[in-house]
Amino acid sequence: MSQPAESEPPSPPSGRSNLAPAEAFALLGNDTRIEILQGLLDAGGDDTPVAFSDLYARVDIDDSAHFNYHLKKLTDHFVRKTDEGYLFQYPGRKVVRAVFAGTFTDHAELDPFAAPGDCYDCGGDLQAWYADEYLTIECVDCGRTHLSYSFPPGGLEDRTPEELLDAFHHHVRHHYCLAADGVCPECMGKMSTTLSHDDDLPGLDVRVDHVCQRCQTHLYSAVGVNLLDNADVLTFHADRGVDLSTRPFWTFDWCVSDQRTTVLSEDPLEVRLDIPCDGDVLSVTLDETLSVLDVDRS
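All residue numbers refer to position in the chain's written sequence, counted from 1. Residue-level local features of this predicted model are given only where pLDDT is at least 70; pairs of side-chain atoms are given and counted only at 80 or more, and the full residue set underlies all totals for whole chains, interfaces and linings. Only heavy atoms go into the side-chain values, all of them from the structure, while hydrogens and water stay out.

The protein is annotated in an unreviewed UniProt entry as Helix-turn-helix domain-containing protein of Halogranum gelatinilyticum.

Laid out in structure tokens, this is it:
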């Protein structure tokens, strides 16, 4: 988010100040501090500085000194003080958004409902269901899991099943596109990417692993889903009337399986992904770090 014009830009950092995870949780383990963060969000603290008096009026507390004590605990790491008032620091904004997403507070389940696409293994219909903060898409007939990925329970609110699956598509696609670019979708840290070929891997003989060097977030998948943002792959489909940004990616077998992936070399590991569309095939050759070595249209 861009810096609001009416507030002072942040000063250049004089040095990095690390807050231990245990200390961060301790700072947030108070109802008044969470209420302050929520009040700051309601008052527009994402964009415009909020005056002390305005923020105080939004929190259910009678003692201004007590309020000021808790606000100071949040300042620097979760809230930034300016001459005009208070603004969110990035961690404070993330905390509030996590609360609204239901990550810490909600528990939801959805019984199976129809999902678009066919099973890449048996051709059967697909269904989706939600439990334990994961949305899963699987085959009704053979039970093959096409996709299972975390999704905040707040994302279920006020959405039809079709709208939920559309949001889920964008959520997962965005995460893997970030990971393929070396950016952790959880903490924005650096992600390392490796391609592996191992018959013992459940469901995938060839798979991609993304691991964050900072928070240890681990994503694994078939090769194809990591190419949904690749310019050649996007153009190849767009030229044939297919918009990969809106078409549910699990409806493409090359995104959720390795049936169209061929191992060209073991040492060093190289693979070729053959992507069909409208009678044509785009062949993408990648190395063990998922770097594209060659693209061929036939």
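That was the structure; now back to the text.
## Quick look at the packing of aromatic side chains
Working definition: a ring pair exists when centres of Phe, Tyr or Trp rings (six-membered ring for Trp) sit within 6.5 Å. Plane angles under 30 degrees give stacked, over 60 give edge-to-face, the rest tilted. Counted by the stated rule, this structure contains 8 aromatic pairs. Ring geometry for Phe-249 and Trp-250: centres 5.6 Å apart, planes at 75 degrees, overall edge-to-face. With respect to class, Phe-249 is no different from Trp-250; both count as buried. Here, over-ring charges are defined by two tests on the NZ atom of lysine or the CZ atom of arginine: distance to the ring centre within 6 Å, and angle to the ring normal within 35 degrees. The ring of Tyr-220 is capped by Arg-207, whose NZ or CZ atom sits 4.4 Å from the centre of that ring. Each residue's exposure class comes from its accessible area (1.4 Å probe, protein chains only) as a fraction of the maximum for that residue type: buried when under 20%, exposed when over 50%, partly exposed otherwise.

## A word on the pattern of salt bridges
One speaks of a salt bridge when a side-chain nitrogen belonging to Lys or Arg is within 4 Å of a carboxyl oxygen belonging to Asp or Glu. For the structure on display, the rule yields 6 salt bridges. Taking the shortest distance from any N to any O, the salt bridge between Asp-54 and Arg-58 comes out at 3.2 Å. Of the residues examined, Asp-54 reaches a relative accessible area of 33% and is grouped as partly exposed. Among the salt bridges present, the one from Asp-253 reaches Arg-260, with a minimum N-O distance of 2.9 Å.

## Concerning the sheet that holds strand β8 (residues 206-212)
One open sheet holds the 3 strands; their spatial order is β7-β8-β9, and the pairing between them is antiparallel. At either margin of the open sheet sits one strand with a lone partner, and together these are β7 (191-197) and β9 (218-221). The mean angle between the axes of side-by-side strands here comes to 20 degrees, regardless of whether they run parallel or antiparallel. Two strands form a pair only when DSSP identifies at least two bridges running between them. Here a strand is any run of E in DSSP of at least two residues, a helix any run of H or I of at least four, and the numbering for each starts at the N terminus. With 7 bridges joining them, β7 and β8 adopt antiparallel strand pairing. By the bridge assignment, Leu-195 is partnered in β8 with Val-208. A fitted line through C-alpha atoms serves as each axis, taken over the contacting stretch for helices, and the angle formed by two N-to-C directions is quoted from 0 to 180°.

## Examining the nonpolar core
Residues Ile-137, Phe-168, Phe-249, Trp-250 and Trp-254 are the most contacted members of the largest nonpolar core, which totals 54 residues. When near neighbours in sequence (up to four residues on either side) are disregarded, Ile-137 contacts Ala-115, Leu-126, Gln-127, Ala-128, Arg-144, Thr-145, His-146, Leu-147, Leu-165, Phe-168 and Trp-250. Each nonpolar core is a collection of buried residues, namely Ala, Val, Leu, Ile, Met, Phe, Trp, Tyr and Cys, held together in the definition by side-chain atoms within 4.5 Å. Two residues qualify as a contact provided that any one of their heavy atoms is within 4.5 Å of a heavy atom in the partner residue.

## With respect to the side chain of His-175
Structurally, His-175 can be placed in helix α6 (residues 161-180). Apart from residues lying up to four places away in sequence, His-175 is in contact with Tyr-149, Pro-185, Glu-186 and Leu-219.

## Here we look at the packing of helix α2 (residues 31-42) against helix α4 (residues 64-74)
Geometry of a packed helix pair, given as the angle between the helix axes and the separation of the axes. Interhelical geometry of α2 versus α4 gives an angle of 75 degrees and a closest axis separation of 9 Å. In terms of axis orientation, α2 runs roughly perpendicular to α4. Residues Thr-32, Arg-33, Ile-36 and Leu-37 of α2 lie in contact with α4, whose contacting residues are Phe-67, Tyr-69, His-70, Leu-71, Lys-73 and Leu-74. Put simply, Ala, Val, Leu, Ile, Met, Phe, Trp, Tyr, Cys and Pro go in the nonpolar bin, Asp, Glu, Lys and Arg in the charged bin, and everything else, Gly too, in the polar bin. When the residues that make up the contact of α2 with α4 are grouped by side-chain class, the tally is 6 nonpolar, 2 polar and 2 charged. Orientation categories follow fixed angle ranges, with anything under 35 degrees roughly parallel, anything over 145 roughly antiparallel, 65 to 115 roughly perpendicular, and all other angles oblique.

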